[in-house]
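# Survey of secondary and tertiary structure
Each chain is listed here by its residues.
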Amino acid sequence: MGVEMRIVLRNYNKIDNSKIDDYIDTGGYKALEKAYNLEPIELIEELEKSGLRGRGGAGFNTGRKLRFTHGASGEEKFILCNADEGEPGTYKDRVIIQGDPHAILEGMAICGYAVGAKKGIIYLRAEYPYVADILKTAILQAKEKGVLGDFQIEICMGAGAYVCGEETALIESIEGKRGEPRSKPPYPPVSGLWGKPTAVFNVETLANIPQIIEKGSAWFAGIGDPSYPGTKVMTLTGDLVNKTFIEVPTDTTIRDIIYKFGGGIADGKQLQAVQIGGNSGALISPEYLDTSIAFDAMQKIGATLGSGAVFVTDESRNLRDVVCRISQFFEHESCGKCTPCREGTMRIHDLMQKICTGDGTKADLDLLTDLGEMMEVSCFCGLGQAAPVPILSAVKHFNLLDEERG
Ligand SMILES: Cc1cc2nc3c(=O)[nH]c(=O)nc-3n(C[C@H](O)[C@H](O)[C@H](O)COP(=O)(O)O)c2cc1C
C-alpha cells in the first residue's frame, strides 16, 4: 500500500498522444482483437468476473451494465462515453484522455462489440476544446488504420451544465434538448439515446477495459479492495503540499493520499477536513483518515468516492465559508426540474449565508438537517440527492456556529 500503480495512466507522458503507432507499439488494440475472438457474452462474463465498477460516481458493475444492454432488444444500440467531468476539483478524465486517447476508443469499441452497438459518442466537457482536438486526431487515425472495424465514434461537446453529467440528462443533451434528467426506469440500457438501448460509461471505466481483456479478469480482481477492485485516479487540491494527480490501488487509505502522495498539509499546518468526490462529497474529519478509498468503505463512513477529487482544508480555513460556497454551487447548478432540488438548494444556501454572518442558531442547523434529509429521499436525480451531503456531514462533524451559539 502507499505505492502508485498505473493502469489507465500507464502511457501518460510516455507516448505521443497524436500518434496511433505509439499506442500500438505498447500493445494497443490487441485487446480489441482478442475480444473479437470471444463470443460477446464471454466478453461480458470476463468483465463481470473482473469486478470492474463504474468510475463516474455510482459504482455500478460494468459487466452487468453491458449484460443488460446486450440483452435489450433493438437493432440499433449506442455506447456513450461520459467525459463531461463537471465535478469541481476533478480533472482525471482530461488527464486520462490526454495521456492515452486510444485506450478510450478501444474500450468503447470493445463495449460496442459486447452489446452489438456500431456507434459510440463521447460527450466532452465544453471547457475542454483542446481535448476534443486530441480525440479528433485519434479517431481519424483509428479510422485510417481500420482498427475499429465498423464501430464509429463521434464527439459531442457538452452543454456546460453540471447536471449534464448525469447520464439521462446527458442523453437529453445529445438529443439536442435542455439537459434535464429523465425518470428512471426505464434505464438507458433498455431505453437510452433516441429510445434505443444505450450503455453510458465514464472515461476512466472505459480506459480500464482494454487492460482487463489483455491481462485477464483475475489479474484485475486481485488489485486493491476486492469489493471495488483496480485502481482509482485521484486529483489532489486544496491546502496540500503536492497538488497533483495519482493513480492508486483502491485499498489505499485517505491518510496515505494526503500525507504520502499529497506531501501533507502545506505550511506545517494541521488538517481540518477533507472532501472526497467533488462538491457532492461529505466533509470528512481527521478521525476517519484510516478509511480506504474503496467505494463501499467510503459509504460506511457516510462519504463517497465519487469522481476521486480530494479537496483538503487546513485548520486556518473558515469551514462555514467553504460549505456556503458549496451550497451556492448547487443552487446555481440545480436544473429546476423538481421542486425539492430547486427550492431546497436555494433554502440551504440562504441558511448557510445566515450562518456565515455569525447569526446562525441551533434551530438553523436543525432546519438544515431536516431539509437535507428530505432532499436526499425526494429529489428527482443524483444532483439534488447529493447536494445536502456536504452540508449534513459538516453539521454532524464540525461546529458551524459561533462558540457562544454552538
Ligand atoms: C449531477 C450528476 C453529475 C454527474 N456527472 C458525471 C460526470 O461528469 N462524469 C461521469 O462519468 N459521471 C457523472 N455522473 C454519473 C453518471 O450519471 C453515470 O452514473 C456514469 O456516467 C456511469 O458511468 P460508470 O458506470 O462508468 O461510472 C453524474 C451524476 C450526477 C447525478
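Presented here is a report on the structure given in the accompanying data block. (Residues numbered from 1 in each chain as written. Predicted model: local features only at pLDDT ≥ 70, side-chain atom pairs only at ≥ 80, totals over all residues.)

## Remarks on the overall build of the chain
What the chain contains, in helices and strands, is 17 helices and 9 strands. Radius of gyration (C-alpha) of the chain: 21 Å, near the 22 Å computed for a compact globule of 406 residues. Once the C-alpha set of the chain is aligned to its principal axes, its extents read approximately 70 × 45 × 35 Å. Looking at the 406 residues of the chain, the share that counts as buried comes to 54%. Here the contacts in the chain between residues at least 6 apart in sequence split such that 72% fall between residues at least 24 apart. (Helix = DSSP H or I, 4+ residues; strand = E, 2+ residues; numbered from the N terminus. Rg over C-alpha atoms; globule rule 2.2 N^0.38 Å. Buried ≥ 20, exposed ≤ 12 C-beta atoms within 10 Å, placed from the backbone. Contact = placed C-beta atoms within 7 Å.)

## Section: the sheet that holds strand β5 (residues 231-238)
Read from one edge to the other, the open sheet built from 5 strands follows the order β6-β5-β9-β7-β8, with strand pairing classed as mixed. Two strands bound the open sheet, and with one partner strand each, they are β6 (245-249) and β8 (283-284). Summarising the sheet, β5 and strand β9 (residues 309-314) pair through 4 bridges and their orientation is parallel. The residue bridging leucine 236 from the neighbouring strand is valine 310, located in β9. (Pairing = 2+ DSSP bridges.)

## Points about the nonpolar core
Counting residues in hydrophobic clusters, the biggest one holds 123 residues, and the most contacted among them are Cys81, Ile110, Cys111 and Val274. It is helix α6 (residues 101-115) that contributes the most residues to this core, 10 residues altogether. Setting aside anything within four residues of it in sequence, one finds valine 274 in contact with Ile254, Ile258, Ile284, Val310, Phe311 and Val312. (Core = buried A, V, L, I, M, F, W, Y, C linked by C-beta atoms within 7 Å.)

## Side note on the site of the ligand
Taken together, the neighbourhood of the ligand is formed by 23 residues, with Gly54, Gly56, Gly165, Asn202 and Gly382 sitting nearest. Only β4 (198-202) and α16 (382-386) provide two or more residues apiece to the shell around the ligand. Residue composition of the shell around the ligand, grouped by class: 8 nonpolar, 9 polar and 6 charged. Counting contributing residues, the shell around the ligand receives three or more from each of domain 1 (20-221) and domain 3 (319-405). (Near = placed C-beta within 6 Å. Nonpolar A, V, L, I, M, F, W, Y, C, P; charged D, E, K, R; others polar. Domains from an automatic or database assignment.)

## Examining the pairing of strand β2 (residues 119-124)
With respect to burial, β2 is a largely interior element, 5 of its 6 residues being buried. The pairing of strand β1 (residues 78-83) with β2 spans 6 bridges and is parallel. Looking at β2, one finds that cysteine 81 is bridged to isoleucine 122. Pairing analysis gives 6 bridges linking β2 to strand β3 (residues 152-157), with the strands arranged parallel. By the bridge assignment, glycine 120 is partnered in β3 with isoleucine 153. For the crossover that starts at β2, traverses helix α7 (residues 129-145) and ends in the parallel β3, the hand is right-handed. (Right-handed = clockwise from strand over helix to strand, strands pointing away.)

## Examining the packing of helix α14 (residues 339-356) against helix α15 (residues 362-378)
A pair of packed helices can be characterised by two numbers: the angle between their axes and the separation between those axes. Where α14 meets α15, the axes come as close as 10 Å, and the angle between the chain directions of the two elements is 160 degrees. Taken together, the axis directions place α14 and α15 in an arrangement best described as roughly antiparallel. For α14 against α15, the interelement crossing comes out left-handed. Counting all contacts with α14, which are made through Pro340, Cys341, Gly344, Arg347, Ile348, Leu351, Lys354 and Ile355, the residues of α15 involved are Asp364, Leu367, Leu368, Leu371, Gly372, Met374, Met375 and Ser378. Here the residues of the contact of α14 with α15 are counted per class, giving 10 nonpolar, 3 polar and 3 charged. (Axes fitted to C-alpha atoms, helices over the stretch in contact; angles between N-to-C directions. Parallel < 35°, antiparallel > 145°, perpendicular 65-115°, else oblique. Left-handed = near helix turned anticlockwise from the far one by under 90°.)

## Comments concerning the sheet that holds β4
The strand order across the open sheet formed by 4 strands is β3-β2-β1-β4, and the pairing between neighbours is parallel. At either end of the open sheet lies a strand with only one pairing partner, and these are β3 and β4. The mean inter-strand angle of the sheet, taken between neighbouring strand axes irrespective of direction, is 20 degrees. Across the sheet, α6 touches β1, β2, β3 and β4, and the angle it forms with β1 is around 150 degrees.

## Here's the deal with the environment of glycine 263
In this fold, glycine 263 is placed in the loop between α11 (254-261) and β7 (271-276). For glycine 263, a count of 14 C-beta atoms within 10 Å puts it in the partly exposed group.

## Concerning helix α5 (residues 92-99)
Among the 8 residues in α5, 6 count as buried, and that is most of the element. Taken together, the buried positions of α5 are occupied by Lys92, Asp93, Arg94, Ile96, Ile97 and Gly99. As for α5, its buried residues are in contact with β1, α6, α7, α9 (203-215), β5 and β6.

## Regarding the environment of methionine 157
The topology assignment puts methionine 157 in strand β3. Given 15 C-beta atoms within a 10 Å radius, methionine 157 is considered partly exposed. For the pair formed by methionine 157 and glutamate 87, sequence separation is 70 residues and the distance between their alpha carbons is 16 Å. Setting aside anything within four residues of it in sequence, one finds methionine 157 in contact with Leu124, Ala126 and Ala132.

## Focus: the packing of helix α3 (residues 40-50) against helix α4 (residues 62-71)
α4 packs onto α3 with a crossing angle of 155 degrees between their chain directions and a minimal axis gap of 7 Å. Compared by their axis directions, α3 and α4 come out roughly antiparallel. When you trace α3 past α4, the crossing you get is left-handed. Residues Pro40, Ile41, Ile44, Leu47 and Glu48 of α3 form the contact with α4, whose participating residues are Thr62, Gly63, Arg64, Leu66, Arg67 and His70. Partitioned by chemical class, the residues of the contact of α3 with α4 number 5 nonpolar, 3 polar and 3 charged.

## Observations regarding α9
Judged by how many residues are buried, α9 sits mostly within the fold: 11 of 13 residues are covered. Within the sequence span of α9, burial applies to Val203, Glu204, Thr205, Leu206, Ala207, Asn208, Ile209, Pro210, Gln211, Ile212 and Ile213. Note on α9: the residue one or two positions beyond its end, glycine 216, has a positive phi of about 100 degrees.

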